[in-house]
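Take a look at the letters that make up each chain.
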Amino acid sequence: MKVKAYRFSISWPRLFPNGLTEDINAEGVEYYHKLIDLLVANGIQPMVTLYHWDLPLALGDQGGWINREIVGWFGDYARFCFEEYGSKVKYWITINEAYIASLHGYCGQGEEFAPGGFKKNCEWSLYLAAHHMLLAHGRAANIYKKEFQPTQNGVIGITNLAVWYEPLTKEDEEVAKRAFEFQFGWLTHPIYGDGGDYPEVMKAKMEELKEKEGRAKSRLPQFSKQEIEELKGSADFLGINYYYGFLTSREEQKNSDLINMTTLDQWERDASMFSYYDPKWEPVGDNNSWIRNYPDGLYNTLNFVKTNYANIPVYITENGCMDTPGEDLRDVTRLRYLRNHINAVYRAISDGSNVKVYTAWSLMDNFEWNFAYGIKFGLYRVDFSSSDRTRIPKQSAEWYGRVVLRNGLLDY
């Protein structure tokens, strides 16, 4: 497809089976050297994510991301990667979607996402896990900037999931703003926001809940002044993963045509909001899919970043959708989805957004976490029944390759 960059993640336990850097798996280290060398030899920039939810079990057994020691463990792992691969890698991402890793790993769907088993502590465990992920990002980013960036001349950022919330009615504007701050601002504002720290609307809401629940302290952890300063400006770019947006309301809509997507996860209860799909938004996958074709949400997110985060450079690190049943290799629904969202990026750039990179999710069908191999996101189909795992291009692969060559949109 003539892509200029390839994003992949390094598996922490593949390098360090017990999570600590004194126990090195040399074969794992060599594997990534071979991959990076082959990419560079073909004129493709490696874009490396240090943590895409792949936690060494030995560290999970010690509490994983709710153990503050993990900030140091992650810093040691990151420093090793910078030393080992940094002369060849110019694009680093510390953590992918801390929102999902903390919410689903340490709360809501805790029995389906690793490490699991935290449902009983949901009201505080997700916030503590996310807090430590932010501190770990700050530790790794500052190590890179001080020890490696001056000689390696790369850049480092974090990738956050963005879900845009559109108010259902004029009266829902406040809750839509609060929902976006709870979802996106939670993991973004401490790094890119003016003054750092968690969003004010989130802190105020959690303080209100503290009083209501009779707690001595807010369930949202506090940063020290030093931690706020270390996090502020710790990233050279903001990675954004975008798949969908919601209509949101302060009240449950029981008698309407809206498609109810409210899960009442802990953070949704804390944010006091309800989520819906507009039935006019095109479904992707089957009719019960969690993705709808809503490109305006991406456009609005990019405008928000431009306005609120000093127009930091943005790398769109994931955007895509699963196969729609019955389309086989002629995946026209995916093609429509990608075209609409790339067009939304173009509109945002035209309006001044500082978007530098777009990468589709994903190159080929892969293991989609709790969906396993049940849904396929690839531009290339993988024949999992073949010992060679044969890759077969879908129609979207041919189309996307022409977009890459043109570095812009083209008609169907």
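Every value quoted in this text rests on a predicted model; they were computed, and no experiment measured them.

Go over the overall build of the protein with me, naming the residues and quoting the values.
If you tally the helices and strands in the protein, you get 13 helices and 13 strands. Since a compact globule built from 412 residues should have a radius of gyration of about 22 Å, the 21 Å found for the protein is in line with a globular shape. The buried share of the protein, reckoned over its 412 residues, is 56%. Long-range contacts, defined here as pairs at least 24 residues apart, represent 71% of the contacts in the protein between residues at least 6 apart. When the accessible area of the protein is evaluated, it comes to approximately 18,100 Å², of which 48% is carbon and sulfur surface.

Could you give an account of the nonpolar core, naming the residues involved and the relevant values?
Trp12 and Trp65 are the most contacted members of the largest nonpolar core, which totals 127 residues. For this core, the leading source of residues is helix α6 (residues 122-152), giving 14 residues. Those residues in contact with tryptophan 12 that sit more than four places away from it in its chain are Gly19, Tyr51, Asp54, Leu55, Pro56, Leu59, Trp65, Ile70, Trp73, Phe74 and Tyr77. Formed by five residues, the second largest nonpolar core is a distinct cluster that contains Met47, Ile93, Phe237 and Val357.

Describe in detail empty space enclosed by the protein, supporting the description with residues and values.
Within this structure, the stated rule accounts for one cavity of 30 Å³ or more. Taken together, the residues that form the lining of the largest cavity break down as 11 nonpolar, no polar and no charged.

Tell me what's going on with the pattern of salt bridges, and back it up with residues and numbers.
Two side chains bearing opposite charge may form a pair once their charged atoms approach each other closely. Enumeration according to the criterion identifies 26 salt bridges in this entry. A salt bridge links lysine 280 to aspartate 278; its shortest N-O distance comes to 3.4 Å. On the basis of relative accessible area, lysine 280 is assigned to the exposed category, the value being 72%. Among the ionic contacts, a cluster of salt bridges with common partners joins Asp323, Asp331, Arg334, Asp365 and Lys394.

Any details on the packing of aromatic side chains? Residues and values, ideally.
Under the counting rule described, the total for this entry stands at 41 aromatic pairs. A ring pair is formed by tyrosine 244 and phenylalanine 246, whose centres lie 5.2 Å apart and whose planes are at 55°; its orientation type is tilted. Their ring planes at 15° and their centres at 6.2 Å tell us that tryptophan 290 and phenylalanine 371 sit as a pair that is stacked. Note that tryptophan 290 is positioned in the loop between β8 (282-283) and β9 (292-293) and phenylalanine 371 in the loop between β11 (355-358) and β12 (380-382), a separation of 81 residues in sequence.

A description of unusual backbone geometry should follow, citing residues and the corresponding values.
With an omega of 5°, the peptide bond running from tryptophan 361 to serine 362 counts as cis. Positive phi values are uncommon outside glycine, yet leucine 264 reaches one of about 55°. Of note in this structure, aspartate 328 is not a glycine but carries a positive phi near 55°.

Report on the side chain of histidine 137, specifying residues and quantitative values.
Secondary-structure assignment places histidine 137 in helix α6. Engagement of the side chain of histidine 137 in a polar contact is seen with the side chain of threonine 94, the distance being 2.8 Å. In this view, histidine 137 contacts Thr94, Ile95, Gly157, Ile158, Ile191, Leu231, Ser234 and Ala235; residues no more than four positions away in its chain are not counted.

Any chance you could break down the environment of asparagine 354 for me, citing the residues and the numbers?
Checked against the element boundaries, asparagine 354 lands in the loop between α12 (332-350) and β11. Under the relative-accessibility criterion, asparagine 354 is labelled partly exposed at 22%. Sequence separation between asparagine 354 and histidine 131 is 223 residues, and the spatial gap between their C-alpha atoms is 27 Å. Those residues within four positions of asparagine 354 in sequence are excluded, and the remaining contacts are Asn311, Ile312, Pro313 and Val314. In this structure the side chain of asparagine 354 is engaged in a polar contact, spanning 3.2 Å, whose partner is the backbone oxygen of asparagine 311.

Please set out the packing of helix α7 (residues 173-192) against helix α8 (residues 200-213) residue by residue, giving values where relevant.
Running from amino to carboxyl end, α7 crosses α8 at an angle of 110°, the nearest separation of the two axes being 9 Å. For the element pair α7 / α8, the angle class is roughly perpendicular. Seen from α7, the contacting residues are Arg178, Glu181, Phe182 and Trp186; seen from α8, they are Val201, Met202, Lys205 and Met206. Looking at side-chain class alone, the contact of α7 with α8 contains five nonpolar, no polar and three charged residues.

Lay out the side chain of glutamate 268 with the relevant residues and their values.
Inspection of the secondary structure puts glutamate 268 in helix α10 (residues 266-271). Nearest to the buried, unbridged glutamate 268 among oppositely charged side chains is arginine 269, at 7.3 Å. A distance of 2.9 Å separates a polar atom in the side chain of glutamate 268 from a polar atom in the side chain of threonine 263. Setting aside chain neighbours within four positions, we find glutamate 268 in contact with Thr262, Thr263, Met273 and Ser275.

Outline the pairing of strand β5 (residues 237-249), supporting the account with residue identities and numerical values.
A regular strand places its side chains so that they alternate between the two faces of the sheet. Of all 13 residues in β5, 13 are buried, a share of seventy percent or more. Note that strand β4 (residues 155-167) and β5 share 10 bridges and pair parallel. Counted as the bridge partner of tyrosine 165 is phenylalanine 246 from β5. Relative to strand β10 (residues 314-318), β5 is paired through four bridges, and the arrangement is parallel. Note that in β10 the partner of isoleucine 240 across the bridge is isoleucine 316.

So what's going on with the packing of helix α5 (residues 98-105) against α6? Which residues, and what values?
Relative orientation and spacing of two packed helices are given, respectively, by the angle between their axes and the distance between those axes. Between α5 and α6, the shortest axis-to-axis distance is 8 Å and the interhelical angle comes to 150°. Between α5 and α6, the interaxial angle falls into the category roughly antiparallel. For the element pair α5 and α6, the recorded crossing hand is right-handed. Contact with α5, carried on its side by Ala98, Ala101, Ser102 and Leu103, involves Leu126, Ala129, Ala130 and Met133 of α6 and no other residues of that element. A per-class count over the contact of α5 with α6 returns seven nonpolar, one polar and no charged.

Reading the values: rules and limits
Sequence order as written defines residue numbering, which begins from 1 separately in each chain. The model is predicted, so local features are restricted to residues of pLDDT at least 70 and side-chain atom pairs to those at 80 or more, both for listing and for counting; the totals for chains, interfaces and linings are taken over all residues. The basis for every side-chain value is the complete set of non-hydrogen atoms in the structure, without hydrogens or water. A helix here means a DSSP run of H or I that spans at least four residues, while a strand means a run of E at least two residues long, and both kinds are numbered starting from the N terminus. The reference for a compact globule is 2.2 Å times residues^0.38; the radius of gyration itself is calculated from the C-alpha atoms. Buried residues are those whose accessible area, probed at 1.4 Å on protein chains only, stays under 20% of the maximum for their type, while exposed residues exceed 50% and partly exposed ones sit between those limits. Every residue pair with non-hydrogen atoms within 4.5 Å of one another is taken to be in contact. Here the accessible surface of atoms and residues is derived via Shrake-Rupley with a 1.4 Å probe, and residues count as covered only by protein chains that are part of the display. For our purposes a nonpolar core is just a set of buried Ala, Val, Leu, Ile, Met, Phe, Trp, Tyr and Cys residues, chained together by side-chain atoms within 4.5 Å. Cavity means a closed set of points on a 1 Å grid over the protein atoms alone, one where a 1.4 Å probe fits but cannot get out, pocket means an open set with protein on both sides within 12 Å along at least 5 of 7 lines, and lining means a residue has an atom within 4 Å of a point. Grid points are joined across faces, edges and corners, and a volume is the space filled by probe spheres set on the points. Residue polarity follows a fixed list, in which Ala, Val, Leu, Ile, Met, Phe, Trp, Tyr, Cys and Pro are nonpolar, Asp, Glu, Lys and Arg are charged, and the others, Gly among them, are polar. Salt bridge, as used here: a side-chain nitrogen of Lys or Arg that lies within 4 Å of a carboxyl oxygen of Asp or Glu. Aromatic pairs are defined between Phe, Tyr and Trp rings, using the six-membered ring for Trp, whenever the two ring centres lie within 6.5 Å; interplanar angles under 30 degrees are classed as stacked, those over 60 as edge-to-face, and all others as tilted. As used in this structure description, the phrase polar contact means that two N or O atoms lie within 3.5 Å; if the pair is within protein, one of them must be able to donate a hydrogen and the other to accept it, and residues adjacent in sequence are counted only when both atoms belong to side chains. The axes are straight lines fitted to the C-alpha atoms, using for helices just the contacting stretch, and the angles between their N-to-C directions are given from 0 to 180°. Any angle that falls under 35 degrees is termed roughly parallel, while one over 145 is termed roughly antiparallel, one within 65 to 115 roughly perpendicular, and all others oblique. Here the positive residues are Lys and Arg and the negative ones are Asp and Glu; neither His nor the chain ends is included. Only strands joined by at least two bridges in the DSSP assignment are considered to pair. Left-handed describes a crossing whose near helix is turned anticlockwise from the far helix through less than a right angle; right-handed describes the clockwise counterpart.

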